[in-house]
Amino acid sequence: MTAPGPGLDSVQHLFTAIDHVGIAVSDLDEAMAFYRDVYGMEVLHEETNEEQGVREAMVGVGGPGSACIQLLAPLSPESTIARFLDRSGPGIQQLAFRVDDVEQVSATLRERGLRLLYDAPRRGTSDSRVNFIHPKDTGGVLVELVQPAGE
């Protein structure tokens, strides 16, 4: 992991909550049924995100405002999730932090020496705005920054 650079002794609080944990699955319908029937969780949202190459579902873990589980299934063999499944198999693919301003947080993290995957935020689940921190800079964990829509 990369430590903050010189002059950054006081670390600004960047994240407001854990937004979700992304889990790569090969069959979204099967995974949703498992989380619903075995864990008793509710599927809160389902969508296809062509830009990200996934069919996805957000599964509620607790009450309103709680973190979710994001189930991610590939739309094609070339998608990022398909490549993840080929390399690592099903499982945790990312940790997502909720932020108030994804552009500001991205800029701050770049100033602190981290690489982000996108120059500008992209559309995420439910029209959120997202960016990702390169896993080589975070100890091997793909970290997503999520600014929910309407904020």
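Source: prediction; values computed, not measured.

Chemist: Talk me through the overall build of the protein chain; I want residue IDs and the actual numbers.
Modeler: On a plain count of helices and strands, the protein chain comes out with 3 helices and 8 strands. Going from the N terminus to the C terminus, the protein chain shows its helices and strands as β-α-β-β-β-α-β-α-β-β-β. The C-alpha atoms of the protein chain give 16 Å as radius of gyration, which agrees with the globular expectation for 151 residues (15 Å, within 12%). Across the 151 residues in the protein chain, those meeting the buried criterion constitute 44%. Here the protein chain displays about 8300 Å² of accessible surface, and carbon together with sulfur accounts for 52% of that area. In the protein chain, 12 side chains carry a positive charge and 23 a negative one; their mean positions are 6 Å apart.

Chemist: Tell me about unusual backbone geometry, residues and numbers included.
Modeler: The residue Ser126 is not glycine, and still its phi comes out positive at about 55°. The topology assignment puts Ser126 in the loop between β6 (122-123) and β7 (129-133). With relative accessibility at 37%, the residue Ser126 sits in the partly exposed group. With a phi close to 65°, Asp127 is a non-glycine residue in the positive phi region.

Chemist: Provide a residue-level description of the environment of Gly22, including the pertinent values.
Modeler: Following the sequence through the fold, Gly22 ends up in strand β1 (residues 17-24). Along the primary structure Gly22 and Glu56 are separated by 34 residues, whereas in three dimensions their C-alpha atoms are 9.5 Å apart. When residues no more than four places from it in sequence are discounted, the contact partners of Gly22 are Gln70, Leu72, Gly91, Ile92, Gln93 and Gln94.

Chemist: Tell me about the sheet that holds β1, and please be specific about residues and values.
Modeler: Pairing in this open sheet of 8 strands is mixed, and the strands run β2-β3-β4-β1-β5-β8-β7-β6 from one edge to the other. With partners counted over all chains shown, the strands left at the sheet margins are β2 (42-49) and β6, one partner each. Judged from the 2 bridges that link them, β6 and β7 form a sheet pairing that is antiparallel. Across the sheet, residue Arg123 finds its bridge partner in β7, namely Arg129. The strands touched by helix α1 (residues 28-37) are β1, β2, β3 (54-60) and β4 (68-74); relative to β3, the strand with the most contacts, the crossing angle is about 5°. Packed on one face of the sheet, helix α3 (residues 102-111) meets β7 and β8 (143-147) and runs near 15° to β7.

Chemist: Got a sec to walk through the pattern of salt bridges? Specific residues and values, please.
Modeler: Enumeration according to the criterion identifies 9 salt bridges in this entry. The partner of Asp137 in a salt bridge is Arg115, and the shortest N-O contact between them spans 2.8 Å. Separated by 22 residues along the polypeptide, Asp137 in the loop between β7 and β8 and Arg115 in the loop between α3 and β6 bring together distant segments of the chain. Put simply, Asp29, Glu46 and Arg55 are held in one network by salt bridges that share partners.

Chemist: Tell me about the packing of aromatic side chains, and name the residues and values.
Modeler: Applying the stated rule across the entire model yields 5 aromatic pairs. In textbook terms, an aromatic cluster arises when at least three aromatic residues are bridged by ring pairs, as seen for Phe34, Tyr35 and Tyr39. If you follow Arg122 out to its NZ or CZ, it ends over the ring of Tyr118, 3.8 Å from the centre.

Chemist: Describe the side chain of Asp137, naming the residues involved and giving the relevant values.
Modeler: You can call Asp137 buried: its relative accessible area is 7%. At 2.7 Å, the side chain of Asp137 and the backbone nitrogen of Arg115 are in polar contact.

Chemist: So what's going on with the nonpolar core? Which residues, and what values?
Modeler: The biggest cluster of nonpolar side chains holds 12 residues, and these are Ile23, Val25, Leu28, Ala31, Met32, Tyr35, Met41, Ala57, Val59, Ile69, Leu71 and Ala73. At the level of secondary structure, the elements contributing two or more residues to this core comprise α1, β3 and β4. Here this core gets 4 residues from one element, more than from any other, and that element is α1. Once residues lying within four places of it in the same chain are set aside, the contact partners of Tyr35 are Ile23, Gly40, Met41, Val59, Ile69 and Leu71. If you look at the next biggest cluster of nonpolar residues, it comprises 11 residues, including Leu14, Val99, Val102 and Leu116.

Conventions we followed
Residues numbered from 1 in each chain as written. Predicted model: local features only at pLDDT ≥ 70, side-chain atom pairs only at ≥ 80, totals over all residues. Heavy atoms only, no water. Helix = DSSP H or I, 4+ residues; strand = E, 2+ residues; numbered from the N terminus. Rg over C-alpha atoms; globule rule 2.2 N^0.38 Å. Buried < 20%, exposed > 50% of the residue type's maximum accessible area, 1.4 Å probe, protein only. Areas by Shrake-Rupley, 256 points an atom, 1.4 Å probe, with all protein chains shown as cover. Lys, Arg positive; Asp, Glu negative; His and termini not counted. Charge placed at Lys NZ, Arg CZ, Asp CG, Glu CD. Contact = heavy atoms within 4.5 Å. Pairing = 2+ DSSP bridges. Axes fitted to C-alpha atoms, helices over the stretch in contact; angles between N-to-C directions. Salt bridge = Lys/Arg side-chain N within 4 Å of Asp/Glu carboxyl O. Phe/Tyr/Trp six-rings, centres within 6.5 Å; stacked < 30°, edge-to-face > 60°. Lys NZ or Arg CZ within 6 Å of the ring centre and 35° of its normal. Polar contact = N/O pair within 3.5 Å; in protein donor to acceptor, adjacent residues only side chain to side chain. Core = buried A, V, L, I, M, F, W, Y, C linked by side-chain atoms within 4.5 Å.

So far we have only geometry, and geometry alone does not tell us how the molecule works.
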